[in-house]
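# Examining the three-dimensional arrangement
Chain by chain, the residues:
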Amino acid sequence: MELQYSREGIYVAAIDLWLDPQNSQGAAWISHAHSDHARHYSRTVIGTGISLELYRMRWPAKEEWGQELRVLEYGEEMEWRGARLRCIPAGHILGAAQLLIEYGGERLVYTGDIKKKAPLCGRETEVVECDHLIVESTFGLPVYRFLTREQAREEIAGFARECLEEGATPVFLGYPLGRGQEIVGALTGAGIRTAVHGAIAKYIPVYERAGVEFGDWEPYEARDLKGKALVVVPGMRRQLEATGVDVRVAYVSGWARVANARLRAGAEKLIAYSDHAGYDELLELVEGTKARRVDVVHGYTEVFAGILRERGIEAEAPAGARGRASEEEAE
Ligand SMILES: [Zn+2]
């Protein structure tokens, strides 16, 4: 299958389908609802039911626009312009999916953002054999090795308890969709009193409807912060310090593996957990697919493609594909 790579996204010309386009197109697959993957008003949008629900919350549309949302759930198949599409869990965040396209006797898999180890929330990834793989490499360098979800839960709850025992207020910085809810789940699951910022809290009902269980939590209230762990978006940090509360910040991120992360996040505690695959996971994933050709499209594309070639895999970083993401983009 011929693929066209550009800053607009990936276009599968034979079946007139875009994969995570950056602008509005005719028909688009959205791998998940993070804004760097679902930021458009394409005419037809295909994704899991959860991804489409989250997408609609983030990008409301008017009915008269006639946009069509087509649900493709994990394990389901759909005929599409002479191809067969199949939806496969991708770990990462709730609703995230890989897409298998079977067309003309060829099997193409697009991972979107993917995590191979079990995530704190959501379905575990399945590795699917294919001929041609399009994979992300946000953390495609050997330095990026991450905690398991059990280790991450322990670290998150442990830091919160330690701060609370010392009369301080533990603060966890999380992105509005994905990491934020995972941290809330880890804290409330450990029985820790937790206040959640509205930007994160608004997605919790979607998680609950999908069967993710949270313990008790309460809305973030600036006048009443003591005795609780706080889960807030990164932009809240300064505001919190101005409240006069003894705030101690933890940063839960894949970027916590690099030396300047503490400085950038202003955090005393770094917890190296990510909803993306770390380096070892990416290698396992790519080798597990037995793909004869691998395109690396996001993150450390050139370096990771080189590492794959050294391991005997035909891999490249297609010219025109989006390169290394900034921390904010790599949700
Ligand atoms: Zn993402």
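An account of the accompanying structure is given in this report. Please read all numbers here as calculations on a predicted model, not as lab measurements.

About the criteria used
Residues numbered from 1 in each chain as written. Predicted model: local features only at pLDDT ≥ 70, side-chain atom pairs only at ≥ 80, totals over all residues. Heavy atoms only, no water. Helix = DSSP H or I, 4+ residues; strand = E, 2+ residues; numbered from the N terminus. Rg over C-alpha atoms; globule rule 2.2 N^0.38 Å. Buried < 20%, exposed > 50% of the residue type's maximum accessible area, 1.4 Å probe, protein only. Contact = heavy atoms within 4.5 Å. Areas by Shrake-Rupley, 256 points an atom, 1.4 Å probe, with all protein chains shown as cover. Lys, Arg positive; Asp, Glu negative; His and termini not counted. Charge placed at Lys NZ, Arg CZ, Asp CG, Glu CD. Phe/Tyr/Trp six-rings, centres within 6.5 Å; stacked < 30°, edge-to-face > 60°. Pairing = 2+ DSSP bridges. Axes fitted to C-alpha atoms, helices over the stretch in contact; angles between N-to-C directions.

## Looking at the overall build of the protein chain
The helix and strand inventory of the protein chain stands at nine helices and 19 strands. Relative to the compact-globule value of 20 Å for 331 residues, the protein chain shows a C-alpha radius of gyration of 20 Å, a close match. Each principal axis of the C-alpha distribution contributes one length, and for the protein chain these read about 65 × 50 × 30 Å. By residue count, 57% of the 331 residues in the protein chain fall in the buried class. A separation of at least 24 residues holds for 60% of the contacts in the protein chain among residues at least 6 apart in sequence. Accessible surface, the protein chain: about 13600 Å² in total, of which carbon and sulfur atoms supply 45%. Across the protein chain, 40 positive and 51 negative side-chain charges occur, with their mean positions spaced 3 Å apart.

## Topic: the packing of aromatic side chains
As enumerated under the stated definition, the model contains twelve aromatic pairs in all. For the pair Tyr 11 and Trp 18, a centre-to-centre distance of 4.9 Å together with 35° between the ring planes defines the contact as tilted. For the pair shown, Tyr 11 and Trp 18 are each scored as buried. Between Tyr 279 and Phe 304, the ring centres sit 6.4 Å apart and the planes meet at 80°, which makes this aromatic pair edge-to-face.

## Some details on the pairing of strand β1 (residues 3-6)
For a regular strand, side chains alternate in direction, first toward one face of the sheet and then toward the other. On β1, burial follows the alternation: Leu 3 and Tyr 5 on one face are buried, whereas Gln 4 and Ser 6 on the facing-out side are not. Pairing of β1 with strand β2 (residues 9-12), which is carried by four bridges, proceeds in the antiparallel orientation. Counted as the bridge partner of Ser 6 is Gly 9 from β2. If you look at the hairpin formed by β1 and β2, you'll find two residues sitting between the two strands.

## Notes on the sheet that holds strand β18 (residues 293-299)
The sheet built from seven strands is open, its strands ordered β7-β8-β9-β10-β11-β18-β19 with mixed pairing. For this open sheet the edge positions go to β7 (77-80) and β19 (315-316), each flanked by a neighbour on one side alone. Taken together, the two bridges between β18 and β19 define a ladder with parallel strand orientation. What sits directly across from Asp 295, in β19, is Glu 316. Against the sheet, helix α8 (residues 279-289) contacts β11 (132-137) and β18, and its axis sits at roughly 175° relative to β11. Along the sheet, helix α9 (residues 301-310) contacts β11, β18 and β19; its crossing angle with β18, the most-contacted strand, is approximately 150°.

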